[in-house]
Amino acid sequence: MPQIAIVGSGPAGYYSAEAALKQWGDEAQIDVFDRLPVPYGLIRSGVAPDHQSIKAVSRRYETTALADNVRFVGNVTIGADVSIAELMALYDAVILATGAPHDRALEIEGADLGNVLGSAAFVGWYNGHPEFATLAPDVSGKHALVIGMGNVALDVARILAKCEAEFAGSDIVGHALDALRGKGITRITILGRRGPHQIMMTPKDLGELGRLACAAPEVEAADLPETGEDALLEPGLRKSVTLLREFASRGSNTDKPITIAFDFFASPSKLLGENGRVTSIEVERTAVEAGRAVGTGETYRLPADLVISCIGYRSSAIEGVPFEEREGRFANESGFIMPGLYCVGWARRGPSGTIGTNRPDGFGVIERIAAEVTPERAKQGRAGFDGLAEARGLDVVTFRDWRKIEAAEAAGARTGSPREKFVDVAAMIAAVRS
Ligand SMILES: Cc1cc2nc3c(=O)[nH]c(=O)nc-3n(C[C@H](O)[C@H](O)[C@H](O)COP(=O)(O)OP(=O)(O)OC[C@H]3O[C@@H](n4cnc5c(N)ncnc54)[C@H](O)[C@@H]3O)c2cc1C
(Lines give C-alpha, C1' and ligand atoms only; values in the text may rest on other atoms or scores of the structure.)
Protein backbone atom coordinates (compact mmCIF):
# COMPACT_ATOMS: atom_id res chain seq x y z
CA MET A 1 0.00 0.00 0.00
CA PRO A 2 1.69 3.27 -1.06
CA GLN A 3 2.04 5.82 1.74
CA ILE A 4 1.76 9.31 0.30
CA ALA A 5 2.47 12.57 2.13
CA ILE A 6 1.17 15.77 0.52
CA VAL A 7 2.52 18.97 2.05
CA GLY A 8 -0.03 21.76 1.57
CA SER A 9 -3.82 21.58 1.47
CA GLY A 10 -4.47 24.15 -1.26
CA PRO A 11 -5.79 23.28 -4.73
CA ALA A 12 -2.57 21.57 -5.84
CA GLY A 13 -2.50 19.44 -2.68
CA TYR A 14 -6.11 18.32 -2.91
CA TYR A 15 -6.00 17.71 -6.67
CA SER A 16 -3.01 15.44 -5.98
CA ALA A 17 -4.97 13.62 -3.28
CA GLU A 18 -7.91 13.27 -5.67
CA ALA A 19 -5.59 11.83 -8.32
CA ALA A 20 -4.08 9.42 -5.79
CA LEU A 21 -7.58 8.18 -4.92
CA LYS A 22 -8.29 7.65 -8.63
CA GLN A 23 -4.97 5.84 -9.07
CA TRP A 24 -5.00 3.52 -6.06
CA GLY A 25 -8.52 3.67 -4.59
CA ASP A 26 -8.43 2.26 -1.04
CA GLU A 27 -4.98 0.83 -1.70
CA ALA A 28 -3.12 3.97 -0.60
CA GLN A 29 -2.85 6.02 2.55
CA ILE A 30 -2.76 9.73 1.86
CA ASP A 31 -1.87 12.32 4.51
CA VAL A 32 -2.38 15.99 3.60
CA PHE A 33 -0.33 18.28 5.86
CA ASP A 34 -0.81 21.99 6.40
CA ARG A 35 1.00 24.47 8.57
CA LEU A 36 -2.36 26.07 9.42
CA PRO A 37 -5.16 24.38 11.36
CA VAL A 38 -7.45 25.21 8.41
CA PRO A 39 -7.32 23.72 4.89
CA TYR A 40 -7.58 25.01 1.30
CA GLY A 41 -4.64 27.44 1.02
CA LEU A 42 -5.37 30.46 -1.16
CA ILE A 43 -8.98 29.43 -1.67
CA ARG A 44 -9.46 30.62 1.88
CA SER A 45 -6.76 33.28 2.14
CA GLY A 46 -6.18 34.52 -1.43
CA VAL A 47 -9.36 34.36 -3.53
CA ALA A 48 -11.28 37.59 -2.93
CA PRO A 49 -13.86 37.54 -0.13
CA ASP A 50 -16.50 38.98 -2.48
CA HIS A 51 -15.98 36.09 -4.92
CA GLN A 52 -17.75 33.40 -2.92
CA SER A 53 -18.75 31.35 -5.97
CA ILE A 54 -15.04 30.75 -6.69
CA LYS A 55 -14.35 29.78 -3.10
CA ALA A 56 -17.06 27.10 -3.47
CA VAL A 57 -14.47 24.88 -5.23
CA SER A 58 -13.47 23.84 -1.70
CA ARG A 59 -16.58 21.60 -1.64
CA ARG A 60 -14.86 19.45 -4.24
CA TYR A 61 -11.74 19.20 -2.08
CA GLU A 62 -13.93 18.32 0.89
CA THR A 63 -15.22 15.25 -0.95
CA THR A 64 -11.62 14.10 -1.33
CA ALA A 65 -10.76 15.01 2.26
CA LEU A 66 -13.62 12.87 3.56
CA ALA A 67 -12.45 9.67 1.84
CA ASP A 68 -11.57 7.02 4.45
CA ASN A 69 -7.94 6.77 3.44
CA VAL A 70 -7.30 10.54 3.15
CA ARG A 71 -6.32 12.40 6.29
CA PHE A 72 -5.86 16.13 6.98
CA VAL A 73 -2.93 16.79 9.29
CA GLY A 74 -3.24 20.46 10.17
CA ASN A 75 -1.12 22.74 12.36
CA VAL A 76 2.09 20.96 11.35
CA THR A 77 4.80 22.89 9.51
CA ILE A 78 7.01 20.68 7.40
CA GLY A 79 10.56 21.98 7.58
CA ALA A 80 10.06 23.17 11.19
CA ASP A 81 7.98 20.67 13.22
CA VAL A 82 9.06 17.76 11.04
CA SER A 83 11.89 17.79 8.50
CA ILE A 84 11.65 16.75 4.87
CA ALA A 85 14.20 14.00 5.55
CA GLU A 86 11.98 12.61 8.32
CA LEU A 87 8.91 12.71 6.12
CA MET A 88 10.77 11.01 3.25
CA ALA A 89 11.92 8.27 5.60
CA LEU A 90 8.28 7.60 6.61
CA TYR A 91 6.40 7.86 3.30
CA ASP A 92 6.95 6.26 -0.12
CA ALA A 93 6.41 9.60 -1.83
CA VAL A 94 6.30 13.18 -0.55
CA ILE A 95 4.60 15.82 -2.71
CA LEU A 96 5.31 19.48 -1.95
CA ALA A 97 2.21 21.59 -2.61
CA THR A 98 3.29 24.51 -0.45
CA GLY A 99 2.32 27.28 -2.88
CA ALA A 100 4.15 30.60 -3.15
CA PRO A 101 3.22 32.51 0.00
CA HIS A 102 5.74 35.37 -0.09
CA ASP A 103 5.68 38.61 -2.05
CA ARG A 104 8.23 39.12 -4.78
CA ALA A 105 10.20 42.10 -3.53
CA LEU A 106 9.58 45.52 -5.06
CA GLU A 107 13.19 46.36 -5.73
CA ILE A 108 13.13 50.14 -5.84
CA GLU A 109 14.41 52.83 -3.48
CA GLY A 110 11.93 53.54 -0.69
CA ALA A 111 10.25 50.12 -0.83
CA ASP A 112 10.89 49.77 2.91
CA LEU A 113 8.87 52.90 3.80
CA GLY A 114 5.81 52.53 6.02
CA ASN A 115 2.47 51.71 4.31
CA VAL A 116 4.26 50.11 1.35
CA LEU A 117 2.89 46.57 1.31
CA GLY A 118 2.96 43.48 -0.85
CA SER A 119 -0.25 41.86 -2.03
CA ALA A 120 0.41 38.63 -0.08
CA ALA A 121 0.36 40.69 3.11
CA PHE A 122 -2.53 42.98 2.15
CA VAL A 123 -4.72 40.19 0.73
CA GLY A 124 -3.82 38.01 3.73
CA TRP A 125 -4.96 40.87 6.00
CA TYR A 126 -8.43 41.27 4.47
CA ASN A 127 -8.82 37.49 4.15
CA GLY A 128 -7.80 36.75 7.75
CA HIS A 129 -4.54 34.82 7.21
CA PRO A 130 -3.05 34.53 10.74
CA GLU A 131 0.37 35.71 9.53
CA PHE A 132 -1.03 39.06 8.37
CA ALA A 133 -3.95 39.65 10.72
CA THR A 134 -2.09 42.39 12.61
CA LEU A 135 -0.88 44.22 9.49
CA ALA A 136 -3.10 47.28 10.12
CA PRO A 137 -2.58 49.13 6.82
CA ASP A 138 -3.40 52.83 7.04
CA VAL A 139 -6.25 53.49 4.59
CA SER A 140 -6.98 56.99 5.85
CA GLY A 141 -5.05 58.78 3.05
CA LYS A 142 -6.63 59.91 -0.23
CA HIS A 143 -4.26 58.26 -2.68
CA ALA A 144 -3.79 54.51 -3.00
CA LEU A 145 -1.40 53.09 -5.54
CA VAL A 146 -1.60 49.53 -6.81
CA ILE A 147 1.40 48.29 -8.77
CA GLY A 148 0.72 45.54 -11.30
CA MET A 149 -1.68 44.75 -14.12
CA GLY A 150 -2.98 41.30 -13.21
CA ASN A 151 -6.09 39.98 -11.48
CA VAL A 152 -4.54 40.36 -8.02
CA ALA A 153 -4.14 44.10 -8.68
CA LEU A 154 -7.82 44.18 -9.68
CA ASP A 155 -8.84 42.35 -6.49
CA VAL A 156 -6.87 44.80 -4.36
CA ALA A 157 -8.22 47.88 -6.17
CA ARG A 158 -11.80 46.57 -5.96
CA ILE A 159 -11.58 45.80 -2.24
CA LEU A 160 -10.20 49.30 -1.60
CA ALA A 161 -12.94 50.84 -3.78
CA LYS A 162 -16.06 49.07 -2.55
CA CYS A 163 -18.46 50.72 -0.18
CA GLU A 164 -19.63 48.78 2.84
CA ALA A 165 -22.94 47.61 1.37
CA GLU A 166 -21.06 45.94 -1.49
CA PHE A 167 -19.40 43.56 0.98
CA ALA A 168 -22.77 42.00 1.84
CA GLY A 169 -22.52 38.23 1.38
CA SER A 170 -18.71 38.31 1.44
CA ASP A 171 -16.48 36.85 4.15
CA ILE A 172 -14.12 39.81 4.40
CA VAL A 173 -12.89 39.67 7.99
CA GLY A 174 -14.30 42.09 10.56
CA HIS A 175 -11.03 43.93 11.21
CA ALA A 176 -10.69 44.77 7.48
CA LEU A 177 -14.32 45.81 7.11
CA ASP A 178 -13.97 48.10 10.16
CA ALA A 179 -10.81 49.70 8.80
CA LEU A 180 -12.23 50.16 5.28
CA ARG A 181 -15.41 51.71 6.66
CA GLY A 182 -13.32 54.70 7.78
CA LYS A 183 -11.14 54.93 4.67
CA GLY A 184 -10.19 58.29 3.14
CA ILE A 185 -9.33 56.96 -0.31
CA THR A 186 -10.66 58.96 -3.26
CA ARG A 187 -8.22 57.89 -5.99
CA ILE A 188 -6.75 54.47 -6.66
CA THR A 189 -4.11 54.38 -9.37
CA ILE A 190 -3.29 51.06 -10.99
CA LEU A 191 0.21 51.35 -12.37
CA GLY A 192 1.53 49.13 -15.15
CA ARG A 193 4.89 49.18 -16.92
CA ARG A 194 3.37 48.13 -20.21
CA GLY A 195 0.24 49.03 -22.16
CA PRO A 196 -3.39 47.90 -22.55
CA HIS A 197 -2.39 45.10 -24.93
CA GLN A 198 -0.11 43.55 -22.29
CA ILE A 199 -2.49 43.43 -19.30
CA MET A 200 -3.02 40.10 -17.55
CA MET A 201 -6.53 40.96 -16.34
CA THR A 202 -9.40 38.67 -17.24
CA PRO A 203 -12.55 40.32 -18.67
CA LYS A 204 -14.79 39.01 -15.89
CA ASP A 205 -12.71 40.67 -13.17
CA LEU A 206 -12.00 43.83 -15.17
CA GLY A 207 -15.70 44.22 -16.04
CA GLU A 208 -16.55 44.35 -12.33
CA LEU A 209 -14.70 47.66 -11.99
CA GLY A 210 -17.24 49.21 -14.34
CA ARG A 211 -20.16 48.22 -12.12
CA LEU A 212 -19.04 49.42 -8.69
CA ALA A 213 -21.44 51.52 -6.66
CA CYS A 214 -18.96 54.06 -5.28
CA ALA A 215 -16.11 54.01 -7.76
CA ALA A 216 -15.61 54.59 -11.48
CA PRO A 217 -12.72 53.46 -13.69
CA GLU A 218 -10.72 56.04 -15.65
CA VAL A 219 -8.73 55.16 -18.77
CA GLU A 220 -6.94 57.68 -21.02
CA ALA A 221 -8.13 57.17 -24.59
CA ALA A 222 -4.65 58.20 -25.79
CA ASP A 223 -3.13 55.11 -24.11
CA LEU A 224 -5.16 52.73 -26.27
CA PRO A 225 -3.69 51.37 -29.51
CA GLU A 226 -5.59 51.72 -32.80
CA THR A 227 -8.76 49.61 -32.61
CA GLY A 228 -7.70 47.53 -35.61
CA GLU A 229 -4.70 46.22 -33.66
CA ASP A 230 -7.02 44.40 -31.23
CA ALA A 231 -7.83 41.81 -33.92
CA LEU A 232 -4.52 40.04 -33.31
CA LEU A 233 -5.13 39.55 -29.59
CA GLU A 234 -6.29 36.25 -28.13
CA PRO A 235 -10.05 36.43 -27.44
CA GLY A 236 -9.89 36.89 -23.63
CA LEU A 237 -7.41 39.74 -23.88
CA ARG A 238 -9.38 41.29 -26.72
CA LYS A 239 -12.47 41.35 -24.47
CA SER A 240 -10.47 42.99 -21.69
CA VAL A 241 -9.13 45.64 -24.07
CA THR A 242 -12.68 46.27 -25.32
CA LEU A 243 -13.67 46.92 -21.72
CA LEU A 244 -10.81 49.41 -21.35
CA ARG A 245 -12.07 51.16 -24.49
CA GLU A 246 -15.53 51.32 -22.97
CA PHE A 247 -14.11 52.78 -19.73
CA ALA A 248 -12.22 55.38 -21.77
CA SER A 249 -15.39 56.35 -23.65
CA ARG A 250 -17.12 57.16 -20.34
CA GLY A 251 -14.68 60.04 -19.77
CA SER A 252 -13.66 61.21 -16.31
CA ASN A 253 -16.92 62.92 -15.38
CA THR A 254 -18.40 60.87 -12.60
CA ASP A 255 -20.48 61.49 -9.53
CA LYS A 256 -18.86 58.55 -7.75
CA PRO A 257 -16.57 59.46 -4.86
CA ILE A 258 -13.69 57.16 -5.87
CA THR A 259 -11.79 57.03 -9.16
CA ILE A 260 -9.81 53.97 -10.22
CA ALA A 261 -7.28 55.37 -12.70
CA PHE A 262 -5.28 53.15 -15.04
CA ASP A 263 -1.77 54.50 -15.54
CA PHE A 264 -0.20 52.56 -18.42
CA PHE A 265 3.42 52.77 -19.66
CA ALA A 266 4.48 53.70 -16.13
CA SER A 267 7.44 52.08 -14.36
CA PRO A 268 7.88 52.85 -10.64
CA SER A 269 11.41 54.15 -10.06
CA LYS A 270 11.40 55.28 -6.43
CA LEU A 271 9.14 55.82 -3.46
CA LEU A 272 9.47 58.96 -1.41
CA GLY A 273 8.28 59.58 2.13
CA GLU A 274 8.20 61.69 5.24
CA ASN A 275 8.80 60.47 8.78
CA GLY A 276 9.34 56.95 7.50
CA ARG A 277 6.01 56.74 5.63
CA VAL A 278 5.35 56.81 1.93
CA THR A 279 3.92 60.04 0.49
CA SER A 280 4.61 59.84 -3.24
CA ILE A 281 6.08 57.80 -6.05
CA GLU A 282 8.39 58.73 -8.88
CA VAL A 283 7.46 57.01 -12.12
CA GLU A 284 9.30 56.70 -15.40
CA ARG A 285 7.28 56.79 -18.60
CA THR A 286 7.95 53.73 -20.76
CA ALA A 287 7.43 52.66 -24.33
CA VAL A 288 6.69 49.06 -25.28
CA GLU A 289 9.17 47.58 -27.74
CA ALA A 290 8.73 43.95 -28.86
CA GLY A 291 6.44 43.38 -25.87
CA ARG A 292 8.96 44.79 -23.33
CA ALA A 293 8.76 48.04 -21.36
CA VAL A 294 11.67 50.36 -22.10
CA GLY A 295 12.28 53.52 -20.04
CA THR A 296 12.01 56.83 -21.93
CA GLY A 297 13.83 58.93 -19.31
CA GLU A 298 10.72 61.08 -18.74
CA THR A 299 9.66 61.00 -15.08
CA TYR A 300 6.75 62.32 -13.03
CA ARG A 301 5.45 62.03 -9.49
CA LEU A 302 2.13 60.87 -8.09
CA PRO A 303 0.92 61.27 -4.52
CA ALA A 304 0.74 57.92 -2.70
CA ASP A 305 -0.44 57.42 0.89
CA LEU A 306 -0.70 53.64 0.55
CA VAL A 307 1.21 51.47 -1.93
CA ILE A 308 0.42 47.83 -2.64
CA SER A 309 2.64 45.94 -5.03
CA CYS A 310 0.99 43.06 -6.86
CA ILE A 311 4.03 41.85 -8.80
CA GLY A 312 4.13 38.15 -8.02
CA TYR A 313 5.01 35.64 -5.37
CA ARG A 314 7.77 33.29 -4.25
CA SER A 315 7.73 29.89 -2.58
CA SER A 316 9.43 29.27 0.76
CA ALA A 317 12.60 27.22 0.61
CA ILE A 318 12.62 24.12 2.83
CA GLU A 319 15.87 22.75 4.23
CA GLY A 320 17.13 19.84 2.21
CA VAL A 321 15.12 20.66 -0.92
CA PRO A 322 16.90 22.23 -3.93
CA PHE A 323 15.47 25.68 -4.62
CA GLU A 324 15.67 27.98 -7.65
CA GLU A 325 16.28 31.38 -6.07
CA ARG A 326 15.64 33.42 -9.21
CA GLU A 327 12.28 31.82 -9.98
CA GLY A 328 11.36 31.44 -6.30
CA ARG A 329 10.29 27.80 -6.60
CA PHE A 330 11.64 24.30 -5.98
CA ALA A 331 14.14 23.05 -8.55
CA ASN A 332 12.24 20.36 -10.44
CA GLU A 333 11.82 18.64 -13.73
CA SER A 334 8.09 18.28 -14.52
CA GLY A 335 7.37 17.99 -10.81
CA PHE A 336 10.22 15.57 -10.01
CA ILE A 337 12.72 16.87 -7.44
CA MET A 338 14.59 13.73 -6.38
CA PRO A 339 13.63 10.07 -5.90
CA GLY A 340 10.61 10.04 -3.58
CA LEU A 341 10.17 13.84 -3.60
CA TYR A 342 7.89 15.75 -5.99
CA CYS A 343 6.20 19.14 -6.26
CA VAL A 344 2.98 20.50 -7.73
CA GLY A 345 1.09 23.79 -8.12
CA TRP A 346 2.72 27.13 -7.42
CA ALA A 347 5.58 25.43 -5.55
CA ARG A 348 6.41 23.71 -8.83
CA ARG A 349 5.54 26.26 -11.53
CA GLY A 350 5.66 29.57 -9.72
CA PRO A 351 2.65 31.86 -9.25
CA SER A 352 0.75 31.56 -12.49
CA GLY A 353 -2.52 30.17 -13.76
CA THR A 354 -5.93 29.69 -12.25
CA ILE A 355 -7.14 27.21 -9.65
CA GLY A 356 -7.89 24.69 -12.42
CA THR A 357 -4.31 24.88 -13.74
CA ASN A 358 -3.22 22.98 -10.63
CA ARG A 359 -5.35 19.95 -11.49
CA PRO A 360 -3.23 18.50 -14.31
CA ASP A 361 -0.19 19.04 -12.08
CA GLY A 362 -1.68 16.83 -9.39
CA PHE A 363 -2.77 14.14 -11.82
CA GLY A 364 0.57 14.25 -13.67
CA VAL A 365 2.64 13.81 -10.54
CA ILE A 366 0.57 10.88 -9.30
CA GLU A 367 1.02 9.18 -12.69
CA ARG A 368 4.79 9.64 -12.29
CA ILE A 369 4.76 8.30 -8.74
CA ALA A 370 2.74 5.27 -9.81
CA ALA A 371 5.35 4.56 -12.51
CA GLU A 372 8.48 5.37 -10.48
CA VAL A 373 7.88 4.47 -6.84
CA THR A 374 7.71 0.97 -5.43
CA PRO A 375 6.08 0.94 -1.99
CA GLU A 376 8.49 -0.27 0.69
CA ARG A 377 7.51 -2.34 3.70
CA ALA A 378 10.03 -0.45 5.81
CA LYS A 379 8.14 2.82 5.38
CA GLN A 380 5.95 3.30 8.42
CA GLY A 381 3.80 6.03 6.84
CA ARG A 382 0.90 7.29 8.90
CA ALA A 383 1.63 5.18 12.00
CA GLY A 384 5.23 6.38 12.00
CA PHE A 385 4.17 10.00 11.73
CA ASP A 386 1.70 9.63 14.60
CA GLY A 387 4.50 8.29 16.82
CA LEU A 388 6.72 11.21 15.87
CA ALA A 389 3.93 13.75 16.46
CA GLU A 390 3.24 12.31 19.89
CA ALA A 391 6.91 12.25 20.87
CA ARG A 392 7.23 15.92 19.82
CA GLY A 393 3.97 17.00 21.43
CA LEU A 394 2.57 18.36 18.15
CA ASP A 395 -0.99 19.66 18.44
CA VAL A 396 -2.31 18.07 15.26
CA VAL A 397 -5.64 19.34 13.88
CA THR A 398 -7.72 16.73 12.04
CA PHE A 399 -10.38 17.28 9.38
CA ARG A 400 -13.03 16.63 12.01
CA ASP A 401 -11.40 19.38 14.13
CA TRP A 402 -11.44 21.71 11.11
CA ARG A 403 -15.15 21.15 10.77
CA LYS A 404 -15.57 22.40 14.36
CA ILE A 405 -13.62 25.52 13.39
CA GLU A 406 -15.78 25.86 10.29
CA ALA A 407 -18.99 25.55 12.33
CA ALA A 408 -17.78 28.09 14.90
CA GLU A 409 -16.87 30.53 12.11
CA ALA A 410 -20.32 30.09 10.54
CA ALA A 411 -21.97 30.62 13.94
CA GLY A 412 -20.01 33.85 14.46
CA ALA A 413 -20.83 35.31 11.01
CA ARG A 414 -22.39 38.76 10.67
CA THR A 415 -25.81 38.74 9.00
CA GLY A 416 -25.60 37.72 5.35
CA SER A 417 -21.97 36.56 5.57
CA PRO A 418 -21.05 32.86 5.34
CA ARG A 419 -18.48 33.07 8.14
CA GLU A 420 -16.42 35.26 10.42
CA LYS A 421 -12.95 33.74 10.20
CA PHE A 422 -10.71 33.22 13.17
CA VAL A 423 -7.62 35.23 12.41
CA ASP A 424 -5.18 33.67 14.81
CA VAL A 425 -4.09 30.11 15.32
CA ALA A 426 -4.77 30.12 19.08
CA ALA A 427 -8.42 31.04 18.47
CA MET A 428 -8.72 28.25 15.89
CA ILE A 429 -7.28 25.72 18.32
CA ALA A 430 -9.54 27.01 21.10
CA ALA A 431 -12.57 26.42 18.84
CA VAL A 432 -11.40 22.83 18.33
CA ARG A 433 -10.80 22.09 21.99
CA SER A 434 -13.88 23.86 23.38
C1 LIG B 1 -4.81 37.13 -4.23
C2 LIG B 1 -5.10 35.92 -5.10
C3 LIG B 1 -6.35 35.77 -5.65
C4 LIG B 1 -6.60 34.66 -6.49
N5 LIG B 1 -7.84 34.56 -7.03
C6 LIG B 1 -8.08 33.53 -7.90
C7 LIG B 1 -9.37 33.42 -8.52
O8 LIG B 1 -10.27 34.24 -8.29
N9 LIG B 1 -9.56 32.37 -9.38
C10 LIG B 1 -8.56 31.48 -9.67
O11 LIG B 1 -8.77 30.56 -10.47
N12 LIG B 1 -7.34 31.55 -9.07
C13 LIG B 1 -7.09 32.55 -8.19
N14 LIG B 1 -5.86 32.65 -7.61
C15 LIG B 1 -4.84 31.60 -7.90
C16 LIG B 1 -5.04 30.35 -7.00
O17 LIG B 1 -5.30 30.75 -5.68
C18 LIG B 1 -3.78 29.47 -7.10
O19 LIG B 1 -3.71 28.97 -8.43
C20 LIG B 1 -3.79 28.28 -6.15
O21 LIG B 1 -4.21 28.61 -4.85
C22 LIG B 1 -2.38 27.65 -6.07
O23 LIG B 1 -2.53 26.45 -5.36
P24 LIG B 1 -1.37 25.78 -4.51
O25 LIG B 1 -2.01 24.59 -3.90
O26 LIG B 1 -0.17 25.61 -5.34
O27 LIG B 1 -0.97 26.85 -3.37
P28 LIG B 1 -1.78 27.42 -2.13
O29 LIG B 1 -3.21 27.62 -2.44
O30 LIG B 1 -1.02 28.62 -1.68
O31 LIG B 1 -1.67 26.30 -0.99
C32 LIG B 1 -0.46 26.03 -0.33
C33 LIG B 1 -0.74 25.44 1.04
O34 LIG B 1 0.48 24.94 1.59
C35 LIG B 1 0.53 25.24 2.97
N36 LIG B 1 1.95 25.26 3.36
C37 LIG B 1 2.91 26.11 2.92
N38 LIG B 1 4.10 25.79 3.46
C39 LIG B 1 3.90 24.72 4.25
C40 LIG B 1 4.76 23.93 5.07
N41 LIG B 1 6.07 24.18 5.16
N42 LIG B 1 4.23 22.90 5.77
C43 LIG B 1 2.90 22.63 5.68
N44 LIG B 1 2.05 23.34 4.91
C45 LIG B 1 2.53 24.37 4.19
C46 LIG B 1 -0.15 26.60 3.06
O47 LIG B 1 -0.59 26.88 4.38
C48 LIG B 1 -1.29 26.44 2.06
O49 LIG B 1 -2.44 25.92 2.67
C50 LIG B 1 -5.58 33.72 -6.75
C51 LIG B 1 -4.32 33.88 -6.17
C52 LIG B 1 -4.07 34.97 -5.35
C53 LIG B 1 -2.71 35.13 -4.74
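How each quantity is defined
Residues numbered from 1 in each chain as written. Predicted model: local features only at pLDDT ≥ 70, side-chain atom pairs only at ≥ 80, totals over all residues. Heavy atoms only, no water. Buried < 20%, exposed > 50% of the residue type's maximum accessible area, 1.4 Å probe, protein only. Helix = DSSP H or I, 4+ residues; strand = E, 2+ residues; numbered from the N terminus. Pairing = 2+ DSSP bridges. Near = heavy atom within 4 Å. Polar contact = N/O pair within 3.5 Å; in protein donor to acceptor, adjacent residues only side chain to side chain. Areas by Shrake-Rupley, 256 points an atom, 1.4 Å probe, with all protein chains shown as cover. Axes fitted to C-alpha atoms, helices over the stretch in contact; angles between N-to-C directions. Parallel < 35°, antiparallel > 145°, perpendicular 65-115°, else oblique. Left-handed = near helix turned anticlockwise from the far one by under 90°. Contact = heavy atoms within 4.5 Å. Nonpolar A, V, L, I, M, F, W, Y, C, P; charged D, E, K, R; others polar.

> Help me understand the pairing of strand β7 (residues 143–147) in this model?
Successive side chains on a regular strand alternate, one facing one side of the sheet and the next facing the other. Burial within β7 is extensive, with four of its five residues counted as buried. Here β7 pairs with strand β8 (residues 187–191) via five bridges, running parallel. By the bridge assignment, Val146 is partnered in β8 with Ile190. In terms of strand pairing, β7 meets strand β14 (residues 306–309) through four bridges, oriented parallel. Bridging from a neighbouring strand, Val146 pairs with Ile308 of β14.

> Even after reading the chapter, I still don't get the site of the ligand, so can you show me in this structure?
Near the ligand lie 29 residues; those nearest to it are Ala12, Asp34, Leu42, Trp346 and Ile355. Between the ligand and Asp34 there is a distance of 2.5 Å, counted from an oxygen atom to a side-chain nitrogen or oxygen. One of the backbone N or O atoms of Ile355 is found 2.8 Å from an oxygen atom in the ligand. Alone, the ligand offers 1000 Å² of accessible surface; in the complex the protein occludes 90% of this. When contributions to the shell around the ligand are tallied by element, the ones reaching two or more residues are α1 (11–24) and α7 (151–161).

> Just checking my understanding: could you explain the packing of α1 against helix α4 (residues 58–65) for this structure?
Relative orientation and spacing of two packed helices are given, respectively, by the angle between their axes and the distance between those axes. At a minimum axis separation of 9 Å, α1 and α4 run at an interaxial angle of 45°. Between α1 and α4, the crossing angle belongs to the class labelled oblique. As for how α1 packs across α4, the hand of that crossing is left-handed. Two secondary-structure elements touch here, α1 through Pro11, Tyr14, Tyr15, Ala17, Glu18 and Leu21 and α4 through Arg60, Tyr61, Thr64 and Ala65. Taken together, the residues that form the contact of α1 with α4 break down as seven nonpolar, one polar and two charged.

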